[in-house]
Amino acid sequence: MNPVRGDAEVVIGDEPVRLCLTLGALAEIEAALEATGFQALADRLRALTAADLVAVLAALIRGGGAEAAMARRLAEMTEPRAAAEAVARAFEAAAG
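Residues numbered from 1 in each chain as written. Predicted model: local features only at pLDDT ≥ 70, side-chain atom pairs only at ≥ 80, totals over all residues. Heavy atoms only, no water.

**What about the pattern of salt bridges?**
At step 1: Going through the model one piece at a time under the given rule, you end up with six salt bridges.
At step 2: D7 is the partner of R18 in a salt bridge, and the nearest nitrogen-oxygen pair spans 3.5 Å. Of the two residues, R18 is situated in strand β2 (residues 15-20) and D7 in strand β1 (residues 7-12); the sequence distance between them amounts to 11 residues.
At step 3: Note that D52 and R44 form a salt bridge whose closest N and O atoms lie 3.0 Å from each other.
At step 4: On the accessibility criterion, D52 (11% relative accessible area) is buried.
At step 5: Judged by relative accessible area, R44 falls into the partly exposed class, the value being 27%. (Salt bridge = Lys/Arg side-chain N within 4 Å of Asp/Glu carboxyl O. Helix = DSSP H or I, 4+ residues; strand = E, 2+ residues; numbered from the N terminus. Buried < 20%, exposed > 50% of the residue type's maximum accessible area, 1.4 Å probe, protein only.)

**A word on helix α3 (residues 50-63)**
At step 1: In a regular helix each residue adds 1.5 Å, so 14 residues correspond to 20 Å; α3 covers 20 Å between its end C-alpha atoms and thus fits that length.
At step 2: Most of α3 is tucked away: 11 of the 14 residues are buried.
At step 3: Along α3, the positions that sit buried rather than exposed are D52, L53, V54, A55, V56, L57, A58, A59, L60, I61 and G63.
At step 4: As for α3, its buried residues are in contact with β1, β2, α1 (23-33), α2 (38-45), α4 (68-77) and α5 (80-95).
At step 5: In the segment just after α3, G65 is the residue with positive phi, at about 115°. (Expected span 1.5 Å × (residues − 1). Contact = heavy atoms within 4.5 Å.)

**Let's talk about the pairing of β1**
At step 1: As paired strands, β1 and β2 are joined by six bridges and run antiparallel to one another. Bridging across to β2, V10 finds its partner in V17.
At step 2: Linking β1 to β2, which pair antiparallel, is a turn of two residues; within it G13 sits at a positive phi near 70°. (Pairing = 2+ DSSP bridges.)

**Remarks on the side chain of T78**
At step 1: Checked against the element boundaries, T78 lands in the loop between α4 and α5.
At step 2: Assessed through its relative accessible area of 10%, T78 is described here as buried.
At step 3: Not counting residues up to four positions away in its chain, the partners in contact with T78 are V10, I12, L57 and A83.

**Here's the deal with the packing of α3 against α4**
At step 1: Interhelical geometry of α3 versus α4 gives an angle of 130° and a closest axis separation of 8 Å. Taken together, the axes of α3 and α4 lie oblique to each other. Judged by the twist between their axes, the crossing of α3 over α4 is right-handed. Residue-level inspection shows V54, A55, L57, A58, I61 and R62 of α3 in contact with α4, the latter providing A68, A71, R72, L74, A75 and E76.
At step 2: Considered class by class, the residues forming the contact of α3 with α4 number nine nonpolar, no polar and three charged. (Axes fitted to C-alpha atoms, helices over the stretch in contact; angles between N-to-C directions. Parallel < 35°, antiparallel > 145°, perpendicular 65-115°, else oblique. Left-handed = near helix turned anticlockwise from the far one by under 90°. Nonpolar A, V, L, I, M, F, W, Y, C, P; charged D, E, K, R; others polar.)

**Here we look at unusual backbone geometry**
At step 1: Positive phi values are uncommon outside glycine, yet E34 reaches one of about 50°.
At step 2: Note that E34 resides in the loop between α1 and α2.
At step 3: The class for E34 is exposed, based on a relative accessible area of 74%.

As structure tokens, this is what we get:
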């Protein structure tokens, strides 16, 4: 993990998984949440459904380097509280 680069992690099973809010991940999150612009995205992130949380976490896992199918499986295996905390850490890490 490289916190200077904006990396965060979530533990899934017993394995740490790297998350990174890349521009690609951000674009994917905006599309998944149908949010245009940072304010709309911030508003949507405050009221995520379970499906939204999986989509956001999967995008961050892909940003961390995992392939799409693996990222989705890992996101779906994550406990909800751990997923929400990991998403928050990834956004905080990206903000620097």
